[in-house]
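Secondary and tertiary structure notes
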Amino acid sequence: MSTRLELLSADACVGDQMYRLVRELYPICRSITGQGVRDTLGTISQEVPIHLSEVPTGTPVFDWAVPREWNVRDAYIKNSCGEKIVDFNKCNLHVLNYSVPVKKEVSLHELKEHLFTLPEHPDWIPYRTSYYQENWGFCITHRQFLELQEEQYEVLIDSTLNEGHLTLGELLIPGESPEEVLLSAHVCHPSLCNDNLSGIALNTFLAKYLSRFRLKYSYRFLFAPGTIGAITWLALNEQRAANIKHGLVMACVGDDGNLSYKKTRSGDAAIDRAAQHILKHSGRPYNLMEFSPDGYDERQFSSPGFKLPVGSLSRTPHGRFAEYHTSADNLDFVRPTNLADSLSKAISIVYVLEHNGKYINQNPKCEPQLGKRGLYRALGGRTETSVSEIAMFWILNLSDGEHDLLDVAERAGLPFCLIKDVSDVLRQHELLKETP
Amino acid sequence: MSTRLELLSADACVGDQMYRLVRELYPICRSITGQGVRDTLGTISQEVPIHLSEVPTGTPVFDWAVPREWNVRDAYIKNSCGEKIVDFNKCNLHVLNYSVPVKKEVSLHELKEHLFTLPEHPDWIPYRTSYYQENWGFCITHRQFLELQEEQYEVLIDSTLNEGHLTLGELLIPGESPEEVLLSAHVCHPSLCNDNLSGIALNTFLAKYLSRFRLKYSYRFLFAPGTIGAITWLALNEQRAANIKHGLVMACVGDDGNLSYKKTRSGDAAIDRAAQHILKHSGRPYNLMEFSPDGYDERQFSSPGFKLPVGSLSRTPHGRFAEYHTSADNLDFVRPTNLADSLSKAISIVYVLEHNGKYINQNPKCEPQLGKRGLYRALGGRTETSVSEIAMFWILNLSDGEHDLLDVAERAGLPFCLIKDVSDVLRQHELLKETP
Amino acid sequence: MSTRLELLSADACVGDQMYRLVRELYPICRSITGQGVRDTLGTISQEVPIHLSEVPTGTPVFDWAVPREWNVRDAYIKNSCGEKIVDFNKCNLHVLNYSVPVKKEVSLHELKEHLFTLPEHPDWIPYRTSYYQENWGFCITHRQFLELQEEQYEVLIDSTLNEGHLTLGELLIPGESPEEVLLSAHVCHPSLCNDNLSGIALNTFLAKYLSRFRLKYSYRFLFAPGTIGAITWLALNEQRAANIKHGLVMACVGDDGNLSYKKTRSGDAAIDRAAQHILKHSGRPYNLMEFSPDGYDERQFSSPGFKLPVGSLSRTPHGRFAEYHTSADNLDFVRPTNLADSLSKAISIVYVLEHNGKYINQNPKCEPQLGKRGLYRALGGRTETSVSEIAMFWILNLSDGEHDLLDVAERAGLPFCLIKDVSDVLRQHELLKETP
């Protein structure tokens, strides 16, 4: 615990562990409330010691109230022969999320008013919800929809929508400073892997990794249902939110797409600078997106009453991949290597936050004589200057109390980790001192 | 009069009305002073109640003085057979504008010293002036010039250049605020349609349209001779000029070219933002030009002693079309549809000025629950968010007292009129309040 | 001496004179100390009255100390037949600069440890130094290296490395203001023409030219060994450095490449604006480089304890031409026309500094009537406005005490010299006054 945060390269081992967690959570039927969320948080807590809190139905949370708790035991559609042609136990996406209980015989005509399909992807089952308007329904493939006969159907949704609780999972890893970094993943989606079991796995393993180090900032990991969960947390932790100085929302981080970073509301927060730097030096293409008030829980964190500097990390952003919110966002759609790469980059971003700082050159007048300290090549005249010599020059030149190490890295066009390592050497030689 | 300003799409009917005004004004021989200007303003006043003011010759106006008044009754060149080969009554461009009276016999040699032609356009008559240096002359086609024989010619210019007045036309449409929007068109050019009967028509019909609405700003319409007219108005209204918060000079707005906007001296005035926004969302190509101290009366309004935020609206800018200041800038060169489009865009720009404002989100902490107000779709999970939902999110997110609606529109990449309409809905639901 | 600075176009005559100086200095064996530097400064002082100062070995200069003085009388390698196969008298690059004395027999094996070659350019001799670590060595062509036989060699370096002095050359041309412009060239390189006999010639002839004029700023010309020379000067002139308001380091200004300007540390100093303007209007391609803390003595001037606004002028920048620090940087590599062009541009940059200023339009309200002063064409209506009329409009419009002439030139897109000349005319007509 005395070691300061180190970088982690994307390795197969951690990718496999993350993928195993995704696979374990995949079958659970989650929603914004209910046993599925509790089971999910329970599984996560086998990896990292998150704390669960239960918020009762009806609790006022700003303009909203915590809804009734939804649970579902079974659901099916039977044809007139009594065959189950749609079965919740085979795929929990079949049930319109938050369906009220129903058990009746219906004509094809009436049934169709409660069926949701994707005509453009006839073999995929859509994911649909009706949280705040009472309704019942089934999501099926469009191929099956077209084959339905004129007959009587028996529909059953054995669900409950009762007074209960909304469940939040939370972990605070305290650091030297009470200033917090918020790391958040939504946990309300049922059997969808990229959105957002991938984000859950990333948040879990990031927490696990960070807990091994002595940290400058405190890190708050939040596992909450989308929208209402973030709103509930903010409503119950309004004072605490003021401590949040940086933040990242994690979602859709397991697919094959390039990494994407969506900026904070202001667009020039420290987390924006850190994330852009890491992606720019990743050696791979990436997407940089301006803030917009859609997406995941950055919507709530960025509302004008909070204005928290929370960015968002993903691979292909939500809604931009065809499999989004369909049964095709399955265990084949995410891969261990992608999960590991996302974790590695998230750690690198945190690394910048942790190790960034302003230094003062202790020999500010002209260059110090690096050669007598063994820091400079003895033989002069060659064209090439080594990259660490260049880094030393940049650090010494810009360490005037106005530039932090990330400024130096950006202006030098060199990776932060190199600038940080070289600045450590300069500090050891007392050529550099941290600003008080 | 209780209605707030509405948009107007470019319609054939108003285009035809504007074109009729152009046609009616076309034959009049205008100059910077004289009866032609008076007649022009008289015709305009049949459409909108402009007020004429007469400023006497010799009145000092800053570094200038109001010049003598020029009028011309007749002018011709006769050949030795007594045939009128150049006749002012056929085209008033034939006379060098502000020619002193002359009546004499001249040799071809002497005549040629007073002839102006366009060798590169041999069938067009140029428009030339000599306001501040006494001279006489005729403008003819180059083809006719080449055919002139060695013979004696009789030249007559029956003009007067006497103590008199410079005439200004002005209309103030008062609004709720004493802050003014200046809308100006120069009226000194004789039979030239695009430059500037088109601008006169646009200014006239804009005044006519705006007078139907309850307005936030006061609107000052100025019809004045170029340069000396603007200087005279500013000299006589120096205090009043301080009320001008936005302004547009209108010229060359009837040709087939794309719309052009030339920025104000500072380049970032509210009128610059409004005009750029409207052109960007017009769905057609457009030109955006940085400020330069040439052009029309923006030269005077932008002088360092005034620095009024006055931009300039045109289609093909002055001097950039071959027909500029020639007889080819005639009734065929401008079209009703172009005039109507220019009017529609000018109204849209004014619409932004009128309806822009800063609002405060009344539920600033997290998103308000739009669904319970019927403002949000009931069924969740779909990829698409409707454009009005996107607009709501942007408005709610940025309504923190720091951003006006135009900021929201720009950041959202959505047209101002949509943002304005959606903000009206949010105000009706008391989710938004105007800043005091 | 009563004339204010004038521009100089690149002419063959001055180019030839500059080249003659390069040729005269070429054979001298320079280093960071020693007789070669003294002889070089002596030759320069035949052109301009520079003052030499001698700083004793051991003088502490910030984090450094002035090193021992190095001189070399002779050096060679003889093969076993007693033939001189490497001879310092043929090319002074053959000796590793700052070699300690050596005289001994060595095997091929031992010899090779002290040989430096350029495998990628087998016919060129590299330039190498070992100022701060005692060593001896020879630089030879790689072709010769490959031909060396297994035999005994006699090596001799008849050098001295003793208490002595570091020599600086300096010239101050006083101007009306105590504020200084620093113009600096490094003088430590032996037989290398572009790096930096070209810079020495430029600095010398710039001093010669400027001394003919009455100047606003004071101009300090510095001829110093690289790095340690600049450090020494700064250490001994710390108070004086505060007067330096602008500066240029001159190096590699004689090759065929396009002109390059490397910005100051802040990137927006007056010298940056001036140099960029001149290069932009040069009518030829050019390179603009952001500041970096490598290069020549701008490294020291830009250190955080000084932050002097010193840019750098070169043609092909150091290290970017293959001939850099090799025997191929010879008298064929630099040309009179390039030297003359570099001088002309350096004078133009100084011209901007000298003549830039803020003016106040004395008729700020509307345009003054230029015509009555003979400054504007009498005949109106033509499309073209002359460039000097455009320049007048820009100057009058922006002369509000906030913009200097260079701002006007930049915004007008016109060359500074035109804006300056036209502003002189406007001042003669009392339309413009300099700000106090």
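Just so you know, these numbers come straight off a predicted model, no measurement behind them.

Conventions adopted
Residues numbered from 1 in each chain as written. Chains lettered and ligands numbered in written order. Predicted model: local features only at pLDDT ≥ 70, side-chain atom pairs only at ≥ 80, totals over all residues. Helix = DSSP H or I, 4+ residues; strand = E, 2+ residues; numbered from the N terminus. Buried ≥ 20, exposed ≤ 12 C-beta atoms within 10 Å, placed from the backbone. Contact = placed C-beta atoms within 7 Å. Least-squares fit on C-alpha atoms with pLDDT ≥ 70 in both. pLDDT = per-residue confidence, 0-100. Axes fitted to C-alpha atoms, helices over the stretch in contact; angles between N-to-C directions. Parallel < 35°, antiparallel > 145°, perpendicular 65-115°, else oblique. Nonpolar A, V, L, I, M, F, W, Y, C, P; charged D, E, K, R; others polar. Expected span 1.5 Å × (residues − 1). Pairing = 2+ DSSP bridges. Left-handed = near helix turned anticlockwise from the far one by under 90°. Domains from an automatic or database assignment.

Moving on to the overall build of chain A. In terms of helices and strands, chain A carries 13 helices and 19 strands. If one aligns the C-alpha atoms of chain A with their principal axes, the spans along those axes are about 90 × 45 × 35 Å. In chain A, buried positions account for 50% of the 436 residues. Restricting the contact set of chain A to residue pairs at least 6 apart, pairs at least 24 apart contribute 79%.

Overlaying chain A with chain B gives an RMSD of 0.1 Å, the required rotation being 120 degrees about an axis along which the chain moves by 0.2 Å. These values place the two chain copies in the arrangement generated by a three-fold rotation axis. If distances are taken from each C-alpha of chain A to the rotation axis, the shortest is found for Asp 268 of chain A, at 13 Å.

A word on the confidence of the model for chain A. Summarising the model, chain A shows a mean pLDDT of 97, and 100% of its residues fall at 70 or more. Two numbers describe this predicted complex: its pTM, 0.94, and its ipTM, 0.95.

For the rest of this paragraph, the subject is the packing of helix H11 (residues 387-398) of chain C against helix H13 (residues 416-428) of chain C. Residue and element names in this part refer to chain C. Here H11 crosses H13 at 75 degrees, and the two axes come no closer than 9 Å. With respect to each other, H11 and H13 are oriented roughly perpendicular. From H11, Ser 388, Ala 391, Met 392 and Ile 395 reach across to H13, where they touch Leu 418, Ile 419, Val 422, Ser 423 and Leu 426. Broken down by class, the residue content of the contact of H11 with H13 amounts to 7 nonpolar, 2 polar and no charged.

Since the α-helix advances by 3.6 residues per turn, residues separated by three or four positions end up pointing in the same direction. Between its first and last C-alpha, helix H10 (residues 336-355) of chain B extends 28 Å over 20 residues, near the 28 Å set by a 1.5 Å rise per residue. Burial runs high along H10 of chain B: 18 of the 20 residues are buried.

What follows covers the pairing of strand E15 (residues 286-289) of chain B. Taken together, the 4 bridges between strand E14 (residues 259-262) of chain B and E15 of chain B define a ladder with parallel strand orientation. If you follow Lys 262 of chain B over to E15 of chain B, its bridge partner there is Met 289 of chain B.

Right, let's get into the environment of Lys 103 of chain A. Residue and element names in this part refer to chain A. Structurally, Lys 103 is set in strand E6 (residues 102-107). The exposure class of Lys 103 is exposed, given the 10 C-beta atoms found within 10 Å. For Lys 103 and Asp 158, which are 55 residues apart along the polypeptide, the C-alpha to C-alpha distance reads 7.8 Å.

Once that is clear, we can look at the sheet that holds strand E18 (residues 400-404) of chain C. Residue and element names in this part refer to chain C. In space, the 3 strands of this open sheet follow the order E18-E17-E19, with antiparallel pairing throughout. The open sheet terminates on both sides in strands that have one partner only, identified here as E18 and strand E19 (432-434). Averaged over all adjacent pairs, the angle separating strand axes in this sheet is 35 degrees, with direction ignored. Note: strand E17 (residues 358-361) against E19, 3 bridges, orientation antiparallel. Directly across from Ile 360, in E19, lies its bridge partner Lys 433.

Right, let's talk about helix H11 (residues 387-398) of chain B for a bit. Residue and element names in this part refer to chain B. Taking 1.5 Å per residue, 12 residues should reach 16 Å; H11 reaches 16 Å between its end C-alpha atoms and fits that length. Taken together, the buried positions of H11 are occupied by Ala 391, Met 392, Phe 393, Trp 394, Ile 395, Leu 396, Asn 397 and Leu 398. Packing partners of the buried residues in H11 comprise strand E17 (358-361), strand E18 (400-404), helix H12 (405-412), helix H13 (416-428) and strand E19 (432-434).

With that settled, the discussion passes to the packing of helix H5 (residues 193-210) of chain B against H10 of chain B. Residues and elements named next belong to chain B. One can describe the packing of H5 onto H10 by two numbers: an axis separation of 10 Å at closest approach and a directional angle of 50 degrees. With respect to each other, H5 and H10 are oriented oblique. The element H5 and its partner H10 pack so that their crossing is right-handed. Contact residues: Ser 198, Ala 201, Leu 202, Phe 205, Leu 206, Tyr 209 and Leu 210 in H5; Leu 339, Ser 342, Leu 343, Ala 346, Ile 347 and Val 350 in H10. Looking at the contact of H5 with H10, its residues break down into 11 nonpolar, 2 polar and no charged.

Residue and element names in this part refer to chain A. One open sheet holds the 8 strands; their spatial order is E1-E10-E12-E11-E13-E16-E14-E15, and the pairing between them is mixed. In this open sheet, the two strands that pair with only one neighbour each are strand E1 (51-56) and strand E15 (286-289). Direction aside, the axes of adjacent strands within the sheet are offset by 20 degrees on average. Pairing of strand E11 (residues 180-186) with strand E13 (residues 244-250) involves 5 bridges; the strand directions are parallel.

The next subject is the interface of chain A and chain B. Of the residues lining the interface, 25 residues belong to chain A; the matching set on chain B comes to 22 residues. Breaking the side of chain A that touches chain B down by element, the ones donating at least two residues are helix H6 (228-236) and helix H9 (298-301) of chain A. Within the side of chain A that touches chain B, the residues separate by chemical class into 12 nonpolar, 9 polar and 4 charged.

It is worth spelling out the interface of chain C and chain A at this point. On the chain A side, the residues contacting the 25 residues of chain C number 22 residues. Counting residues per element, the ones that place at least two in the side of chain C that touches chain A are helix H6 (228-236) and helix H9 (298-301) of chain C. Within the side of chain C that touches chain A, the residues separate by chemical class into 12 nonpolar, 9 polar and 4 charged.

Looking now at the domain arrangement of chain A. Residue and element names in this part refer to chain A. Domain boundaries in chain A define domain 1 (12-67 + 165-355), domain 2 (69-162) and domain 3 (358-434). In this structure, domain 1 and domain 2 have C-alpha centres spaced 31 Å apart. The interface of domain 1 with domain 2 comprises 17 residues on the first partner and 16 residues on the second. Within the side of domain 1 that touches domain 2, the residues separate by chemical class into 7 nonpolar, 10 polar and no charged.

Residue and element names in this part refer to chain C. Tracing the backbone through its elements, the reader meets Trp 124 in the loop between strand E7 (115-116) and strand E8 (138-139). On the basis of neighbour counts, which here come to 23 C-beta atoms within 10 Å, the residue Trp 124 falls in the buried class. Taking the C-alpha atoms as reference points, Trp 124 and Ser 302, 178 residues apart in sequence, are found 34 Å from one another. In this structure Trp 124 touches Leu 118, Thr 141, Thr 326, Ser 327 and Ala 328, once residues within four positions along its chain are discounted.

Turning our attention to unusual backbone geometry. Following Asp 195 of chain A, the chain continues to Asn 196 of chain A via a peptide bond in cis, the omega torsion being 20 degrees. Position of Asn 196 of chain A among the secondary structure elements: in helix H5 (residues 193-210). If you check the backbone angles, His 325 of chain B has positive phi at about 60 degrees while not being a glycine. Relative to the helices and strands, His 325 of chain B resides in the loop between strand E16 (310-314) and H10.

Within the secondary structure, Thr 141 of chain B sits in the loop between strand E8 (138-139) and helix H4 (142-147). Note: C-alpha distance between Thr 141 of chain B and Leu 115 of chain B (26 residues apart in sequence) is 9.6 Å.

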